[in-house]
Amino acid sequence: MNEYIGFTLIGIGIIYDILACLGLVRMPDVYTRLQAATKAVTVGTTFILIGAAVYAGPGPLAAKALICMIFVLLTNPASAHVIARAAHSSGIRVERVTADGLLGREIESELWDVTRRKDQFEKDRLVRIFETCTILDIDEHINSDSLFEIIGEPIATARDSSPREIARRFRQREREAVTALKPEFAIPHIIIDGSGGFEMVVARGKNGIWFSNESPKVSSVFAMAGTEDQWHFYLRVLAVIAQVVRMEDFYDEWHKAGEIDDIRRLLITRVRIIGKNR
Amino acid sequence: MTEFIYAGLILLTLGIFLCLRRMASGPTAPDRAVAIEIMGIILVGFCTLLSILTGEDFYISVAIGWALLSFIGSLALGKYLEGKDFDE
């Protein structure tokens, strides 16, 4: 009777071992091979050893087999873990997300596609903002409050809200902290209600716009109004504007530009140059 | 019942050959390390079957020694592949 039980256990163990070896050969990358092989082989060899112990009956062979079984059960998962960690830290990546063969594409190329498409989309949108934004050319020397009244108009039409409300928010923002970062450049920005909206108005003050006593003659104003979920995009636009105005000859060209279209062309070429350098 | 043991030995030899195949073709070093480890554990089972076949229990001593060496070898290989010193 012991003989049959022992052989049954040994048979189960051998089946597990063979399946583990098949997994080792068939699986696509090192992690799946590890997971297919090490666990199954631990179980398989444990079964063989138990089977041997049952078959031999009480005696030195059974005792040694049980010791060996405990040893295998303790050490095999540990060494599998060590190899998996080594594979991970030596930079081996997962082959593909799904192993069903229908997709047939590697995760690397999948992810690369996705990120490239997203980058392209954001870059296009960045240029489009400069292509479609309202550009104002202001001759008189005005202060920031009356500038916000003018700016409120195009933003309100684009967002279906009232110009007075937009202007009020800009004024409030200005009271909290002066948005003129440099004597010649200011970036007032507000958060508007809704989602997915981002508007920009660029204003050139030929005779300067009064923002504060420290910056009484601001010549370039980039006013932005974005919904809360556009925070990330807002930061990107801000980074691009900061790079544009720091270019050496930007303000010479800025003051030289005659028409509104010239200003727009200047901005777009500069934004494209920055986009290429990235 | 010796036929059963022989069949088991042949099947495990087949498994060992599959491991050898992975060891030869495995594209990365961890693949080969996995194949070596699996082969070690299958050889433990192989030795157990041999000890039943012959009735000698020292084959299982061989198996214990083999499992020990395979474990230490895997640890050393893992540390080596991680690119670290052994005292970390």
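First, a word on scope: everything that follows refers to the structure included in this document.

Calculation criteria
- Residues numbered from 1 in each chain as written.
- Chains lettered and ligands numbered in written order.
- Predicted model: local features only at pLDDT ≥ 70, side-chain atom pairs only at ≥ 80, totals over all residues.
- Heavy atoms only, no water.
- Helix = DSSP H or I, 4+ residues; strand = E, 2+ residues; numbered from the N terminus.
- Rg over C-alpha atoms; globule rule 2.2 N^0.38 Å.
- Contact = heavy atoms within 4.5 Å.
- Areas by Shrake-Rupley, 256 points an atom, 1.4 Å probe, with all protein chains shown as cover.
- Lys, Arg positive; Asp, Glu negative; His and termini not counted.
- Charge placed at Lys NZ, Arg CZ, Asp CG, Glu CD.
- Buried area = accessible area lost by both parts, 1.4 Å probe.
- Salt bridge = Lys/Arg side-chain N within 4 Å of Asp/Glu carboxyl O.
- Polar contact = N/O pair within 3.5 Å; in protein donor to acceptor, adjacent residues only side chain to side chain.
- Buried < 20%, exposed > 50% of the residue type's maximum accessible area, 1.4 Å probe, protein only.
- Expected span 1.5 Å × (residues − 1).
- Patch = residues over 30% accessible without salt bridge, like charges linked within 9 Å, V, L, I, M, F, W, Y side chains within 5 Å.
- Phe/Tyr/Trp six-rings, centres within 6.5 Å; stacked < 30°, edge-to-face > 60°.

Okay, the overall build of chain B next. Each helix and strand counted, chain B has three helices and zero strands in total. Relative to its length of 88 residues, chain B is extended, with a C-alpha radius of gyration of 15 Å against a globular reference of 12 Å. Principal axes of the C-alpha set define a box for chain B whose edges measure 50 × 30 × 10 Å. Sequence-distant contacts in chain B: of pairs separated by 6 or more residues, those separated by 24 or more amount to 47%. Accessible surface, chain B: about 4400 Å² in total, of which carbon and sulfur atoms supply 70%. Taking the average place of the 5 positive charges on the side chains of chain B and the average place of its 9 negative ones, the gap between the two points comes to 13 Å.

A separate point is the interface of chain A and chain B. Taken together, the contact pairs 46 residues of chain A with 44 residues of chain B. Of the roughly 3900 Å² buried between chain A and chain B on both sides combined, carbon and sulfur atoms contribute 79%. Counting the contacts that link chain A with chain B gives three salt bridges. One salt bridge connects Asp31(B) with Arg33(A), and the closest N-O pair in it is separated by 2.3 Å. The tally of links from chain A across to chain B stands at seven residue pairs in polar contact (both at pLDDT 80 or more). Counting only elements with at least two residues in the side of chain A that touches chain B, the list comes to helix 1 (2–26), helix 2 (30–56) and helix 3 (60–89) of chain A. No other element matches the 19 residues that helix 3 of chain A contributes to the side of chain A that touches chain B.

Moving on: the side chain of Thr46(A). Residues and elements named next belong to chain A. Structurally, the position occupied by threonine 46 is in helix 2. You can call threonine 46 buried: its relative accessible area is 9%. Filtering out sequence-adjacent residues up to four positions away, threonine 46 remains in contact with Met69 and Leu73.

Before going further, it helps to spend a moment on the pattern of salt bridges. Evaluation of the coordinates by the stated rule reveals eight salt bridges over all chains. Here Arg85(A) makes a salt bridge to Glu82(B), at a shortest N to O gap of 3.5 Å. Linking Arg85(A) in helix 3 with Glu82(B) in helix 3 (residues 58–82), this pair reaches from one chain into another. In this structure, the salt-bridge partner of Arg171(A) is Glu149(A), at a minimum N-O distance of 2.8 Å. Taken together, the residues Arg171(A) in helix 6 (residues 163–176) and Glu149(A) in helix 5 (residues 144–159) connect sequence positions 22 residues apart. One continuous salt-bridge network, built from bridges that share partners, spans Glu165(A), Arg168(A) and Arg169(A).

This part takes up helix 3 of chain B. For helix 3 of chain B, with 25 residues, the first-to-last C-alpha span of 36 Å sits near the 36 Å given by 1.5 Å per residue. When helix 3 of chain B is considered as a whole, its buried residues turn out to be Ile60(B), Ala63(B), Ala67(B), Ser70(B), Phe71(B), Ser74(B), Gly78(B), Lys79(B), Leu81(B) and Glu82(B). Where the residues of helix 3 of chain B are buried, they touch helix 3 of chain A together with helix 2 (29–54) of chain B. Looking at the residues trailing helix 3 of chain B, positive phi occurs at Gly83(B), about 75°.

All names here are of chain A. Together, Ile12, Tyr16 and Val43 make up a nonpolar patch on the protein surface, roughly 210 Å² of accessible area in all. Among the secondary structure elements, isoleucine 12 is positioned in helix 1. Residue classification places isoleucine 12 among the partly exposed positions, given a relative accessible area of 32%.

Another aspect to go through is the environment of Leu43(B). All names here are of chain B. Tracing the backbone through its elements, the reader meets leucine 43 in helix 2. Taking the C-alpha atoms as reference, leucine 43 lies 8.6 Å from alanine 67; in sequence the two are 24 residues apart. Contacts of leucine 43, omitting those with residues within four sequence positions, involve Ile16 and Trp66.

On to the packing of aromatic side chains, then. Overall, the coordinates contain six aromatic pairs over all chains when judged by the stated rule. Ring centres of Phe7(A) and Tyr55(A) lie 5.0 Å apart, and the angle between their planes is 40°; this geometry places the pair in the tilted category. Of this pair, Phe7(A) sits in helix 1 while Tyr55(A) sits in helix 2, and the two are 48 residues apart along the sequence. Three or more aromatic residues joined by ring pairs make a cluster, and in this case those are Phe7(A), Tyr55(A) and Phe4(B).

Treat this as a map of the structure, not an account of what it does.
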